[in-house]
Amino acid sequence: MNAQRAQEITSAADMIEVTYNGEKVYIEHVDQDAGKATVHPLDNPESKQSVSVNELMEQ
């Protein structure tokens, strides 16, 4: 995925399924300049991490 698409997903009215390393995640924030996104697993909102948007997969 690219940073622009990740940003579109965060702004979407509907929930769009995204995975990181095979786990469903929620994208909280996208830093388009750095190509990074802050995500957390759907079942664990406290477990935030910054990942490369290239590693995110839209389902």
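Residues numbered from 1 in each chain as written. Predicted model: local features only at pLDDT ≥ 70, side-chain atom pairs only at ≥ 80, totals over all residues. Heavy atoms only, no water.

Participant: Just checking my understanding: could you explain unusual backbone geometry for this structure?
Facilitator: Leave glycine aside and you will find that most residues have negative phi; peptide bonds, for their part, are mostly trans. One non-glycine residue, Asn21, lies in positive phi territory at about 55°. Secondary-structure assignment places Asn21 in the loop between strand E1 (18-20) and strand E2 (23-31). According to the relative accessible area criterion, Asn21 is exposed, its value standing at 65%. (Helix = DSSP H or I, 4+ residues; strand = E, 2+ residues; numbered from the N terminus. Buried < 20%, exposed > 50% of the residue type's maximum accessible area, 1.4 Å probe, protein only.)

Participant: Explain helix H1 (residues 3-11) here, please?
Facilitator: Along an α-helix, a turn takes 3.6 residues, which lines up residues three or four apart on a common side. Ala3, Ala6 and Ile9 are the residues of H1 that are buried. Looking down the long axis of H1, one finds its buried residues gathered within 120° of arc, a one-sided arrangement. Where the residues of H1 are buried, they touch E1, E2 and strand E5 (56-58). (Arc of directions from axis to C-beta. Contact = heavy atoms within 4.5 Å.)

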